[in-house]
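The lines below spell out each chain.
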Amino acid sequence: PDGAVAGYLRVNAAGANLNREWASGVYEGYHAPTLERSPEVYYTLKAMDYFGMDAHIDVHGDEAIPANFFAGTEGIPKWDASLAAQLDALSNAFLRRSPDFQVGLGYPVAAPGEANMAVGSNAVAERYAALSVTLEMPFKDTTTPASASDPVRGWSPRRAEAFGAALGAALLDS
């Protein structure tokens, strides 16, 4: 976000955490998104409303877990067998395509109806009844799977490029 210029990793120049600006009604008295506080999210949702949306991947960096993984949207009210099948298909396709992706490590899964609906992937999955995930990536290198780790170069531009290409191919596969 443009707040990075001021040293903020999670917020834009207006001070809004862009991953908590996707839906109103989550925090009392807090309307989101707004043009004043989060125009990035506001216009993204307008475009998604206009064009439609089949899948959404929100790419993040994780400080603690040394692995690439999906944080799914299992806790949203509209979670159903179709969304579960789509998440499984994408995960399995990505596993086949990339040695740097894994499903063993990740965040705890929210109970049905317990997702934070202000979070981008949850709000998008609920709004469009479509597959939406957060792809969490470590800031340094992966250690899971161990075979993917590169102790000399770490997470290199070449690996990042291959990882992105594998994600695109996995989306088409699933």
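Here is what the cut-offs are and how they apply
Residues numbered from 1 in each chain as written. Predicted model: local features only at pLDDT ≥ 70, side-chain atom pairs only at ≥ 80, totals over all residues. Heavy atoms only, no water. Helix = DSSP H or I, 4+ residues; strand = E, 2+ residues; numbered from the N terminus. Buried < 20%, exposed > 50% of the residue type's maximum accessible area, 1.4 Å probe, protein only. Contact = heavy atoms within 4.5 Å. Areas by Shrake-Rupley, 256 points an atom, 1.4 Å probe, with all protein chains shown as cover. Polar contact = N/O pair within 3.5 Å; in protein donor to acceptor, adjacent residues only side chain to side chain. Axes fitted to C-alpha atoms, helices over the stretch in contact; angles between N-to-C directions. Parallel < 35°, antiparallel > 145°, perpendicular 65-115°, else oblique. Left-handed = near helix turned anticlockwise from the far one by under 90°. Nonpolar A, V, L, I, M, F, W, Y, C, P; charged D, E, K, R; others polar. Pairing = 2+ DSSP bridges.

Engineer: Sorry, what's going on with the overall build of the protein here?
Structural biologist: Along the protein, the regular secondary structure elements total four helices and three strands. What you see in the protein, going N to C, is helices and strands ordered as α-β-β-α-α-β-α. Oriented by its inertia axes, the alpha-carbon framework of the protein measures out at about 50 × 45 × 30 Å. With 174 residues in all, the protein has 43% of them scored as buried. Sequence separation of at least 24 residues holds for 68% of the intrachain contacts in the protein that already meet a minimum separation of 6. Accessible surface, the protein: about 9500 Å² in total, of which carbon and sulfur atoms supply 58%.

Engineer: Which parts of the structure should I look at to understand the side chain of Gln102?
Structural biologist: In this structure, Gln102 sits in the loop between α2 (81–97) and α3 (120–128). Classification of Gln102 as buried rests on a relative accessible area of 6%. A polar contact is formed between the side chain of Gln102 and the backbone oxygen of Asn68, at a distance of 3.1 Å. A polar contact of 2.7 Å, which involves the side chain of Gln102, links it to the backbone nitrogen of Leu105. For Gln102, the contacting residues outside a window of four places in its chain are Ala67, Asn68, Phe69, Leu95, Thr144 and Pro145.

Engineer: Whenever I open this one, the packing of α2 against helix α4 (residues 157–173) confuses me. Can you help?
Structural biologist: The angle between the axes and the distance between the axes are what describe a pair of packed helices. Between α2 and α4, the shortest axis-to-axis distance is 8 Å and the interhelical angle comes to 135°. It follows from the interaxial angle that α2 and α4 lie oblique. Two packed elements cross with a definite hand, and for α2 against α4 that hand is right-handed. Here Leu90, Ala93, Phe94 and Arg97 of α2 come into contact with α4, specifically with Phe163, Ala166, Leu167, Ala169, Ala170, Leu171 and Asp173. Of the residues belonging to the contact of α2 with α4, the class tally is nine nonpolar, no polar and two charged.

Engineer: Can you help me understand the pairing of strand β3 (residues 131–138) in this one?
Structural biologist: Regular strands have side chains that alternate between both faces of the sheet. Most of β3 sits out of view: eight of its eight residues are buried. Alternating residues of β3 divide into Leu131, Val133, Leu135 and Met137 and Ser132, Thr134, Glu136 and Pro138, and every residue in both groups is buried. By the bridge criterion, eight bridges tie strand β1 (residues 55–62) to β3 in an arrangement that is parallel. In the sheet register, Asp58 faces β3, and the bridge partner there is Thr134. Where strand β2 (residues 69–71) meets β3, three bridges bridge the pair, whose relative direction is antiparallel. Pairing of Phe70 across the sheet is with Leu135, part of β3.

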